[in-house]
Amino acid sequence: DLDGDGDNDLAVANGGSGNVSVLLNNGDETFQAPVNYGTGGWPSSVFAVDLDGEGDHDLAAANWDSDNVSVLLNNGDGTFQEAVNYGAGDSPHSVFAVDLDDDGDNDLAVANLVSDNVSVLLNNDDGTFQAAVNYGAGHYPRSVFAVDLDGDGDNDLAVANSRSDNVSVLLNNDDGTFQAAVNYEAGNGPNSVFAVDLDGDGDNDLAVANSYSDNVSVLLNNGDGTFQAAVNYGAGDYPYSVFAVDLDGDGDNDLAVANLNSDNVSVLLNNGDGTFQAAVNYGAGDGPYSVFAVDLDGDGDNDLAVANSHSDNVSVLINLSITTGVDNSPQTYLPGSYFLARNYPNPFNASTVINYQLPVATEVKLEIYNLLGQRVACLVDEKQQAGYRSIIWDASSVSSGLYFYKLTAGDFTETRRMMLVK
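No experiment lies behind these values; they were computed from the predicted model shown. Every residue gets a number counted from 1 within its own chain, in the order that chain's sequence is written. Only residues with pLDDT of 70 or above have their local features reported here, since the model is predicted, and side-chain atom pairs are shown and tallied only from 80 upward, although totals for entire chains, interfaces and linings are computed over all residues. Calculated side-chain values reflect all of the structure's heavy atoms, with hydrogen atoms and water omitted.

**Remarks on the overall build of the chain**
Under the convention used in this document: Each helix corresponds to a stretch of at least 4 residues labelled H or I by DSSP, and each strand to a stretch of at least 2 residues labelled E; elements are numbered beginning at the N terminus. For the radius of gyration, the atom set is restricted to C-alpha positions; the globular benchmark scales as 2.2 Å times the number of residues to the power 0.38. Accessible area is worked out with a 1.4 Å probe on protein chains only. A residue is then buried under 20% of its type maximum, exposed over 50%, and partly exposed in between. Shrake-Rupley sampling with a 1.4 Å probe provides the accessible areas, and residues are treated as covered by the protein chains on show and by no other component.
Tallying secondary structure elements over the chain gives zero helices and 35 strands in all. For the chain, the C-alpha radius of gyration of 22 Å lies close to 22 Å, the compact-globule estimate for 422 residues. Over its C-alpha atoms, taken along the principal directions, the chain stretches across nearly 70 × 45 × 45 Å. Expressed as a percentage of its 422 residues, the buried residues of the chain come to 56%. On the chain, roughly 16,300 Å² of surface is accessible, and the fraction owed to carbon and sulfur atoms is 45%.

Here you go:
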């Protein structure tokens, strides 16, 4: 709940446009048009929790391209202050917020892809943060989750390492510092980890989405923060995100998995003992990247929200009942305004990606100009439907230098600059 009206809203990290979208719930499973708030470069993950102790939910975003974390404090009504950025490791990909040093406020844990570590940023109790302290993980950590794993009452860390095919467990020393990572094998290409009690024995187990082996690994806890060998369950094509919660109303935690290449979400129901039934798949948008489960329509069961990276929208799948499961007729949400994003990467060599958004169908022109004002390329010149767009400019045929890209859409015009370095 971001605006304090009692229903759950949505926050979405938009990498290409360098912002976070907030979609407020109308209270009936539909959502208002997104309002966008700037972050650092290429935010790949967002987390909502109270960071400044005022009782509302603030936002933290992991910025892959700018090596930092953006903190956006809530004004108490679902609008947000300008982002304040705090340094993390190299290429932050995931952020999780929870009390790590047992002082009553929520701290940040960040998984850094390129530096193979996790940054811990302790809260000063007012929504500002101390300098990051880094702890080694496996190779290319993509996801971090914080929860008590060894039963001692503090929150430990679990990290999915996509290139070492394992999960790192870092136990908390009860003061927000962490022991050396212990690694447990998962499937091939772990991209997401979620920790919750899956077998009903009172401790928190691990579920890991493995993109390259198209399955989910379940690692049951021995009760002391060590884990049994992974048991794998099939999902869709390229599972990228996993979330565990009760979906069928029987009191145990089930799995929902976003499958990037098969454009669907897999639901695996729990047999009550930490083993799972075969996946049932439900259609989403194009390129599901992340899934989250919570009650969105106020009927007491958990629905699904799915961020679709290729169609640049969010799918909402409403849970029909404890007997019929999840509705596979997703709704999509269109941008509420025109927007031309910063190109990525910038500076660039040979090619770069330009993203923009259209709130209505209109004639669109996207042009490239050099410093002399001469047009060197026209990437788009056609009528396009409302939505989020992405296009690659191949600059291999032009020389190094400063260029400008101009979007004209209806009455909207915006120009940004970019640097080609060969």
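**Notes on empty space enclosed by the protein**
This is how the line gets drawn: A cavity here means a set of points on a 1 Å grid, drawn over the protein atoms and nothing else, where a 1.4 Å probe fits but cannot get out; a pocket is an open set with protein on both sides within 12 Å along at least five of seven lines, and a residue lines either one if it has an atom within 4 Å of a point. Grid points are joined across faces, edges and corners, and a volume is the space filled by probe spheres set on the points. Amino acids outside the nonpolar list (Ala, Val, Leu, Ile, Met, Phe, Trp, Tyr, Cys, Pro) and the charged list (Asp, Glu, Lys, Arg) are all regarded as polar, and Gly is one of them.
Within the structure shown, the criterion is met by one cavity of 30 Å³ or more. Estimates place the volume of the largest cavity at around 30 Å³. Lining the largest cavity, in full, are Arg142, Ser162, Gly189, Asn191, Ser211, Tyr212 and Tyr238. Its residues assigned to classes, the lining of the largest cavity shows two nonpolar, four polar and one charged.

**Description of the sheet that holds strand E26 (residues 313-317)**
For the record, the criterion: What makes two strands pair is DSSP finding at least two bridges between them. Comment: axis = line fitted to C-alpha atoms, over the contacting stretch for helices; angle = value between 0 and 180 degrees taken between N-to-C directions.
An order of E24-E25-E26 is seen for the three strands of this open sheet, with the pairing classed as antiparallel. On the outer flanks of this sheet lie strand E24 (288-294) and E26, each paired with one strand and no other. Each strand axis lies, on average, 20 degrees off the axis of its neighbour in the sheet, ignoring direction.

**Notes on the layout of surface pockets**
One number sums up the size of the second largest pocket: a volume of about 190 Å³. Lining the second largest pocket we find 14 residues, and of these Asp65, Arg342, Asn343, Tyr344 and Asn346 sit closest to its centre. Partitioned by chemical class, the residues of the lining of the second largest pocket number three nonpolar, seven polar and four charged.

**Here's the deal with the packing of aromatic side chains**
Heads up, the condition is: Two aromatic rings from Phe, Tyr or Trp, using only the six-membered ring of Trp, form a pair when their centres are within 6.5 Å; if the ring planes differ by under 30 degrees the pair is stacked, by over 60 it is edge-to-face, and anything between is tilted.
All told, the structure shown has 16 aromatic pairs when counted by the stated rule. Arranged with centres 5.7 Å apart and planes meeting at 65 degrees, the rings of Tyr212 and Tyr238 form a pair that is edge-to-face. One end of the pair, Tyr212, is in the loop between strand E17 (205-210) and strand E18 (215-219); the other, Tyr238, is in the loop between strand E19 (231-234) and strand E20 (239-245), with 26 residues separating them in the sequence. A residue is classified by how much of its surface remains accessible, and Tyr212, at 52% relative accessible area, is exposed. Judged by centre distance (5.2 Å) and plane angle (10 degrees), the ring pair of Tyr338 and Phe412 falls under stacked. Of this pair, Tyr338 sits in the loop between strand E28 (325-326) and strand E29 (339-340) while Phe412 sits in strand E35 (residues 412-420), and the two are 74 residues apart along the sequence. What links up through ring pairs into an aromatic cluster is the set Phe47, Phe96, Phe145, Phe194, Phe243 and Phe292.

**Structural notes on the nonpolar core**
Threshold: Among buried residues, those of type Ala, Val, Leu, Ile, Met, Phe, Trp, Tyr and Cys that are joined through side-chain atoms within 4.5 Å constitute a nonpolar core. For this analysis, residues touch if any pair of their heavy atoms sits within 4.5 Å.
Residues Leu100, Leu157, Leu206, Leu255 and Leu304 are the most contacted members of the largest nonpolar core, which totals 60 residues. Excluding residues within four positions of it along the chain, Leu255 makes contact with Leu198, Ala207, Val216, Val218, Val242, Phe243, Ala244, Leu247, Ser266, Val267, Leu268 and Phe276.

**Some words on unusual backbone geometry**
With an omega of 0 degrees, the peptide bond between Asn346 and Pro347 qualifies as cis. Within the secondary structure layout, Pro347 lies in the loop between E29 and strand E30 (351-358). Backbone geometry places Asp165, a non-glycine residue, at a positive phi of 55 degrees. Within the secondary structure, Asp165 sits in the loop between strand E13 (156-161) and strand E14 (166-170). For Asp263, which is not a glycine, the phi torsion comes out positive at approximately 55 degrees.

**Some details on the pattern of salt bridges**
Here is the rule we go by: We count a salt bridge whenever a side-chain nitrogen from Lys or Arg sits within 4 Å of a carboxyl oxygen from Asp or Glu.
Counted according to the given criterion, the structure contains two salt bridges. The partner of Arg375 in a salt bridge is Glu367, with the nearest N and O atoms 2.9 Å apart.

**A closer look at the sheet that holds E17**
The four strands lie next to each other as E16-E17-E18-E19, forming an open sheet whose pairing is antiparallel. Either end of the sheet is taken by a strand with one partner, and the two such strands are strand E16 (190-196) and E19. Sheet twist, expressed as the average angle between the axes of neighbouring strands with direction ignored, equals 25 degrees.

**Brief notes about the pairing of strand E5 (residues 58-63)**
With six of six residues buried, E5 is to be regarded as a mostly interior element. What you see with E5 is no split at all: Asp58, Ala60 and Ala62 on one side and Leu59, Ala61 and Asn63 on the other are buried throughout. Two strands pair when backbone bridges link them, and strand E4 (residues 43-49) and E5 are joined in this way by six bridges, in the antiparallel orientation. Paired with Pro43 across the strands is Asn63, a residue of E5. Here E5 runs beside strand E6 (residues 68-72); their pairing, made up of five bridges, is antiparallel. Within E6, the position partnered with Leu59 by the bridge is Leu72.

Interpretation note: all reported values are geometric properties and have no functional meaning in isolation.
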